[in-house]
Amino acid sequence: MGAKKSAEARIEELRRLIRHHDRKYYVENEPEISDFEYDRVLAELIRLEGEYPDLVAPDSPTQRVAGAPSEGFETVGHAVPMLSLDNTYSADELREFDVRTRRQLEDETVSYVVELKLDGVSVALSYENGLLTRGATRGDGRRGDDVTANIKTIRAIPLRLGGRDPHATVEVRGEVFMPRSGFDELNHRRERDGEAPFANPRNAAAGSLKLLDPSEVAKRPLSAFFYQIVEAEELGITTHHAAIVAIDDMGLRASPDAVVCDGIEEAIERCLEWQDARAKLDYDADGAVVKIDALEQQARLGATAKSPRWSIAYKFPAQTATTVVEDIVVQVGRTGKLTPVAVLEPVNVSGSTVARASLHNQDEVDRLDVRIGDTVTIEKGGEVIPKVVNVVRSKRKGRPRRFRMPKGCPVCGEPVVRLEDEVDLRCENVACAAQVKRSIEHFAARGAMDIEGLGSALVDLLVDTGLVSDYGDLFFLERERVVELPRMGERSTNNLLAAIEGSKERPFSRVLFALGIRHVGSRVADVLADRYPGIDDLRAADEDDLAETDEVGPVIAASVRAFLTSPRNERAIEKLAGAGVRMKARRTRARRKRPLAGMAVVLTGTLEGMSRNEAEAAIERLGGRVTASVSGKTDLVVVGDDPGSKHRKAVDLGVKTIDVKGLRRLLKS
Ligand code: IVH
């Protein structure tokens, strides 16, 4: 007993030590001990926990890599949607933002906070009673992937909160990123091991978070910054800057150097300072974010469906570089469009390697007068694919030949056509291998059928080996044939087939988007699936009928008709239906009993016997939507113990309230 007691005390001490040094090293960037000493402390802890397995705790530093590899990620909901930011590109646009917001606030004075806009992957962390219980990606803003096991491997993220309120239940949001130094090292390793290097730190961070094996993620040099506490008011926090301070106090790495500015001119100055300083940072920042400091003012400004009205991003200007055009090739896209692409001598632009740039079409090639062998200036701005801005004429040697778009498709050889009023050339052969491949790739992509593991390389392989000739064939793949493909093996084959099988559950609207009908993006697909709840209803509609749908005009209508009446597409759709892919909208859950359907619900106080996440999930199951603050639009407030100002506000506004028991009754009903 005595031995165990002293082991227990030692274990506690070692954990405290490791937490302390993790914070020093990963959060504050001020290590106090050598890696060697750190490893010794960790080794002792591992040994003691091995001797006394019942003393292992979920927040022990040894548990960072405890998750087993998974088949895929669960989808989880964000009770408060994760929005994105509106962008600006100049000081004047920031001034317009200032005028606009102050007008909405009836000319009150405002303070701003300016901080860096990090180029990584946004995540939401939930701590319950101080313990990290969930880490989720942003996904589409409303639901993302549960990547808890991967998040736990990031040492800048504490498994347990420190600071003044070590038992807090909070959701904190921020950005997971890969420092440039770590990125360079990782890419070196990958190249040495014959693996494809990542294009930039952001892709590397995103790719790492999506790995299914946490022990692999643990090897990736990830870090994270946090810039938001969801519903910070509940914790008595009244400004964004105070939230940043609180995040730091909790032991998380807070958005660095966030400063309060009196007025927009000072904020603009800060943005420009960051712009000059960004090259010196060890991480990629694509802009600065200007935020109204007072949370109460933020709440009054609210948000549009996409972004908050109290914040705006100032994007740094694109970075440029010069390089040589080694070749100009023609790519054929999913819809048959031919695009000339400049193959470049690889060059580094703001931290990422660029080897190709789109030249869009013949008109653009002519406008730039770019020829093979030319030295060109390329530009890369944020998300966009790099583009060629101009040719450095003084460096042109001799008289290189002009580039002409081909008369035939470079993939299938069929003649290409140029449609009236269009600059683009198109291959109209729907059986063209390029179109087939790219449309399968689109079908499998995230947001469409979301078939994990089916990327462009594998699609190429499946088509080239004749295993599939349209996306319908994916559902009839024979295991024995797939296993034999290069680099597939048992495990990848199982994963692939399981992912394909799982995609049969995607709702009809997604299937409709996945079909790859020209002009039918995910939004239009939703609208169409709403009006035509099955593929047969859609087939039965003529162009006029289609064009009467909200947000659908004659162009989309014609495109839908053309698609559905093509024999090739008909065959592919038959295969999907035959395989059991959803070709009808599910009778929506609205028909089942959902007492909170369409209602905006706010939670306040501690809900007895129910964590916040559980309560939010319950409300969503009942058809409700959990929102942050009480307003005239709130339908219901669930009041727990020690409710905050939200309860008072609900009473003032005459909004209906219920307690935890009431919520439980609804769940049972
Ligand atoms: S605030 C409610 N602050 O940029 C809006 N976002 O398009 C919350 N980002 O998805 C965003 N650094 O992933 C905010 N200091 C920062 C940020 C930041 C990076 C990302 C975030 C968001 C995207 C906005």
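Residue numbers restart at each chain and count upward from 1, following the sequence in its written direction. Owing to the predicted nature of the model, reporting of local features is limited to residues with pLDDT of at least 70; listing and counting of side-chain atom pairs is limited to 80 or more, with chain, interface and lining totals taken over all residues. In computing side-chain values, all of the structure's heavy atoms are included and hydrogens and water are not.

Right, let's get into the overall build of the protein. A tally of helices and strands in the protein yields 24 helices and 22 strands. Using C-alpha atoms as the atom set, the radius of gyration is obtained and then compared with a globule rule of 2.2 Å times the number of residues to the power 0.38. Here the C-alpha radius of gyration of the protein, 28 Å, is about what a compact globule of 669 residues would show, namely 26 Å. Projected onto its principal axes, the C-alpha positions of the protein cover 80 × 65 × 60 Å. The buried label goes to any residue with under 20% of its type's maximum accessible area, the exposed label to any with over 50%, and the partly exposed label to all in between, with areas taken from a 1.4 Å probe on protein chains only. Buried positions account for 46% of the 669 residues belonging to the protein. In this charge count, Lys and Arg are treated as positive and Asp and Glu as negative; neither His nor the chain ends contribute. We put the charge of a Lys on NZ, of an Arg on CZ, of an Asp on CG and of a Glu on CD. Of the charged side chains in the protein, 99 are positive and 109 negative; the average position of the first set lies 2 Å away from that of the second. Think of it this way: any DSSP run of H or I at least four residues long counts as a helix, any run of E at least two long counts as a strand, and we number them from the N terminus.

So, on to the packing of helix 3 (residues 91–104) against helix 9 (residues 264–277). All axes here are fitted lines through C-alpha atoms, helices being fitted over the stretch that makes contact, and every angle between N-to-C directions spans 0 to 180 degrees. Where helix 3 contacts helix 9, the axes come no closer than 10 Å and their chain directions differ by 145°. Judged by the twist between their axes, the crossing of helix 3 over helix 9 is right-handed. Taken together, the residues of helix 9 that come into contact with helix 3 (itself represented by Ala 91, Leu 94, Arg 95 and Asp 98) are Ile 264, Glu 265, Ile 268 and Cys 271. For the contact of helix 3 with helix 9, the class distribution of residues is 5 nonpolar, no polar and 3 charged. Put simply, a crossing is left-handed when the front helix is turned counterclockwise from the back one by less than a right angle, and right-handed when it is turned clockwise. Throughout, a contact is declared for two residues whenever any of their heavy atoms are within 4.5 Å. Residues are grouped as follows: nonpolar covers Ala, Val, Leu, Ile, Met, Phe, Trp, Tyr, Cys and Pro; charged covers Asp, Glu, Lys and Arg; every other residue, Gly included, is treated as polar.

Looking now at the site of the ligand. What makes a residue near a molecule or strand is one non-hydrogen atom of that residue sitting within 4 Å of it. Around the ligand sit 13 residues in total, of which Leu 85, Glu 115, Leu 116, Glu 175 and Lys 291 are the nearest. At a separation of 3.4 Å, an oxygen atom of the ligand approaches a polar side-chain atom of Tyr 227. Accessible surface is estimated by sampling points in the Shrake-Rupley manner with a 1.4 Å probe; for residues, cover comes only from the protein chains shown. Protein chains bury 90% of the 530 Å² of accessible surface belonging to the ligand in isolation. Those elements that provide at least two residues to the shell around the ligand are strand 3 (111–118) and strand 10 (285–292). No other element matches strand 3, which puts 4 residues into the shell around the ligand. Grouping the amino acids of the shell around the ligand by side-chain chemistry returns 7 nonpolar, 2 polar and 4 charged. Distance and chemistry together define a polar contact, namely a pair of N or O atoms within 3.5 Å, with one atom able to donate a hydrogen and the other to accept it when in protein, and with adjacent residues in sequence counting only for side-chain atoms on both sides.

Further remarks concern the nonpolar core. Ranked by internal contacts, the top residues of the largest apolar core, which has 53 residues, are Leu 474 and Leu 528. Only helix 12 (433–444), helix 13 (456–464), helix 15 (489–502), helix 16 (508–514), helix 17 (522–531), helix 18 (535–540), helix 20 (554–565) and helix 21 (567–579) provide two or more residues apiece to this core. Setting aside anything within four residues of it in sequence, one finds Leu 528 in contact with Leu 512, Val 520, Leu 538, Leu 546, Thr 549, Val 552 and Val 560. Within the second largest apolar cluster, 40 residues are counted, among which are Leu 161, Val 170, Ile 244 and Met 250. Residues enter a nonpolar core if they are buried and are Ala, Val, Leu, Ile, Met, Phe, Trp, Tyr or Cys, with the set joined through side-chain atoms within 4.5 Å.

Attention shifts here to the packing of aromatic side chains. Here is the rule: rings of Phe, Tyr and Trp (six-membered ring for Trp) pair when centre to centre is within 6.5 Å. Planes less than 30 degrees apart are stacked, more than 60 are edge-to-face, and the remainder are tilted. Counted by the stated rule, this structure contains 8 aromatic pairs. Residues Phe 443 and Phe 475 carry aromatic rings whose centres are separated by 6.2 Å and whose planes lie at 85° to one another, so their mutual orientation is edge-to-face. With Phe 443 in helix 12 and Phe 475 in the loop between helix 13 and helix 14 (479–483), this pair connects stretches of sequence that are 32 residues apart. Phe 475 matches Phe 443 in its accessibility class, with the two residues each being buried. Among the aromatic side chains, those forming a connected cluster through ring pairs are Phe 177, Phe 225 and Tyr 283.

In spatial order, the strands read 20-19-21-22; together these 4 strands make up an open sheet with parallel pairing. Bordering the open sheet on either side are strand 20 (625–626) and strand 22 (656–659), each of which pairs with just one other strand. For two strands to be treated as a pair, DSSP must find at least two bridges joining them. The sheet contact formed by strand 21 (residues 636–639) and strand 22 spans 4 bridges and is parallel. Counterpart to Leu 636 in the pairing with strand 22 is Lys 656. Packing against the sheet, helix 22 (residues 612–621) makes contact with strand 19 (600–604), strand 20 and strand 21, and its axis sits at approximately 160° to strand 19.

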